[in-house]
Amino acid sequence: MRIERIHNGIVLDHIKAGVGIEILKLFPTEILRTKIDYASYVESPSMTTKDIIKIENIDVNPETLMKLALLSPSITISIIRNGQVQEKITPEIPPVVEGVITCTNPKCVTLRENYLISRFRVAWSEAGKIRKQCAYCEHITK
Amino acid sequence: MGSFAGRHIIDTADLSTSEIMELVELANRIQAMPREDANQLATGKILATLFWEPSTRTRLSFESAMFRLGGNVLGFSEAANSSVSKGETLADTIQTVALYSDIIAMRHPFEGSALAASTFSRVPIINGGDGAHLHPTQTLGDTYTLLCEKGRLEGLQVGFLGDLLFGRTVHTFVRLLARFGVKMHFFAPEGLNIPQYVRDSLIDLGADFVEREWTTSCIDGLDVLYVTRLQKERFFSEEEYLRKKNSYIINREALANAKDDLLILHPLPRNEEISTDVDKLPNAGYFRQAEFGLKMRMAIIAATLGVEV
Ligand SMILES: [Zn+2]
């Protein structure tokens, strides 16, 4: 599949293969009315396979950047203006993330008391993966 | 005890090692007091015991501790399938009960519930157990027991036997002992070993621990054996339970190779894992442990109420 150049918008590259579909869900549904290129399991020299997404005429806010990084820590985001790469961002994950991740422990109080805002301590594990630990129940969510 | 006044006790990890020793000192002072004097410490104060999950043992220990400090107690304890506070959120229950009391001890089946409650409470919340997660007052009582019985923590060889996956008492206790240089040996039936998050934090703490299959020869060299309940429903099958059960029973025979001063502890209530023929041995520390636990709960209540002792 050929990925076309875009004039204005964003290019999300180095997405963990297969995660692209989850990434698309982070954007407002209006993107369905713009041009999207989505390539899955593209062969890449550094990562074996990856997903790539290009979306025309859209900006990303800092919260979305953080969510992107949580879903795929390897992601890079290029902001394209007038056909040129204006900025290339490797988003950072803050040590504490509130309200973004849902705890997967069925006995976690945040699931029973749904007015509580989830709170996770985020750290890189030795294997280069992110470790997301619920601040309430300490369960590690994959 | 100024530093404890108004504080929540959710996890022993929130306490520094010197604060833990301060609570131990306070428990010692309360232990040494004439009963009539201890009985004046919390006069006019109210402890609320909120038990969304039944735990007669823990609730009675908290209530006895408050009565022995001269205070009063109110609260509820739900049967397993009823719901006294049906429909009410934890936040609402806590905010209301905080108006009726000076301190709240709670047990709740959901993990992280005590921490959540503390964010809505203007009075100290004492975590009396949140799901299979933490049980800090039990841990502080158990620590006090080790210090009273063994005179030290550092260098002790402590074995943990039984269900270590669902045993919240163990999850809190081992992480505290790791900070005091205790060497730990975990003996659990397959599939019931300590959860990964506990193992991870032991590694982070640089703890000295091993996980091994239990045989009675493992008892050699242990200073303390901490036994927990084995529940049939935690096993994969009835056959496995029946097959394993007997090898996890501590009776006089199993103690053949034990050190003379091996201390046997159990958070109680027990099933069959410690045979009653052990009860009369000086090694059986589990009833003394319940008494040390009571003294520690008195210390925790006094400290968080800001009472001068
Ligand atoms: Zn959780």
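All of these numbers come straight from a predicted model, not from anything done at the bench.

Caption draft 1: Broad picture of unusual backbone geometry. Cis geometry marks the peptide bond from B:Leu268 to B:Pro269; its omega dihedral reads 0°. Tracing the chain through its elements places B:Pro269 in the loop between strand 9 (263–265) and helix 10 (286–305). We note that A:Asn57 has phi near 55°; this positive angle belongs to a residue other than glycine. With respect to the element layout, A:Asn57 can be found in the loop between strand 3 (48–56) and helix 2 (62–71). A positive phi angle is found at B:Leu268, which is not glycine, with a value near 60°. Here B:Leu268 is to be found in the loop between strand 9 and helix 10.

Caption draft 2: Highlighting the sheet that holds strand 7 (residues 119–124) of chain A. Residues and elements named next belong to chain A. Taken together, the four strands give an open sheet; going across it, the order is 6-7-8-9, and neighbouring strands pair in antiparallel fashion. The open sheet has two free edges, formed respectively by strand 6 (96–98) and strand 9 (140–141), since each of these has just one partner strand. Packing against the sheet, helix 2 makes contact with strand 6, strand 7 and strand 8 (130–134), and its axis sits at approximately 110° to strand 8.

Caption draft 3: A look at the domain arrangement of chain A. Residues and elements named next belong to chain A. Taken domain by domain, chain A consists of domain 1 (9–89) and domain 2 (96–141). The distance between the C-alpha centroids of domain 1 and domain 2 comes to 24 Å. Contacts between domain 1 and domain 2 engage five residues on the former and seven residues on the latter. Between domain 1 and domain 2 lies a buried interface of about 470 Å² when both sides are counted; carbon and sulfur atoms form 89% of it. On the domain 1 side of the interface with domain 2, the three residues burying the most area are Met66, Leu70 and Pro73, jointly 86% of the side's total. For the interface between domain 1 and domain 2, the tally reads zero salt bridges. On the surface where domain 1 and domain 2 come into contact, there are zero residue pairs in polar contact (both at pLDDT 80 or more). For the side of domain 1 that touches domain 2, the per-class residue count stands at four nonpolar, no polar and one charged.

Caption draft 4: Examining the sheet that holds strand 2 (residues 72–77) of chain B more closely. Residue and element names in this part refer to chain B. Taken together, the four strands give an open sheet; going across it, the order is 2-1-3-4, and neighbouring strands pair in parallel fashion. Sheet topology places strand 2 and strand 4 (125–130) at the edges, where each strand pairs with a single neighbour. Shown here is a sheet whose adjacent strand axes are inclined to one another by a mean of 10°, direction ignored. Sheet topology places strand 1 (residues 46–51) next to strand 2; six bridges connect them, and they run parallel. Bridging from a neighbouring strand, leucine 50 pairs with phenylalanine 76 of strand 2.

What counts as what
- Throughout, a residue's number is its position along its own chain's written sequence, starting from 1.
- For this description, chains carry letters from A and ligands carry numbers from 1, given in the order in which they are written.
- Since the coordinates come from a predicted model, pLDDT governs what is reported: local features require at least 70, and pairs of side-chain atoms require 80 or more to be given and counted, while whole-chain, interface and lining totals use all residues.
- Each side-chain value is derived from all of the structure's non-hydrogen atoms; neither hydrogens nor water enter the calculation.
- A run of H or I in DSSP counts as a helix once it spans at least four residues, and a run of E counts as a strand once it spans at least two, with each numbered from the N terminus.
- In short, DSSP must find at least two bridges between two strands for them to pair.
- Here, residues are in contact when the closest pair of their heavy atoms is within 4.5 Å.
- Axis definition: a line fitted to C-alpha atoms, over the contacting stretch in the case of helices. Angles run 0 to 180 degrees between N-to-C directions.
- Domain limits in this description derive from either an automatic procedure or a database domain assignment.
- Buried area: the accessible surface (1.4 Å probe) lost by two parts on joining, summed over both.
- When a carboxyl oxygen of Asp or Glu lies within 4 Å of a side-chain nitrogen of Lys or Arg, that pair is called a salt bridge.
- Polar contact is the term for a pair of N or O atoms within 3.5 Å; when the atoms are in protein, one must be able to donate a hydrogen and the other to accept it, and sequence-neighboring residues count only if both atoms are side-chain atoms.
- Polarity classes work like this: nonpolar for Ala, Val, Leu, Ile, Met, Phe, Trp, Tyr, Cys and Pro, charged for Asp, Glu, Lys and Arg, and polar for all others, with Gly in that last group.

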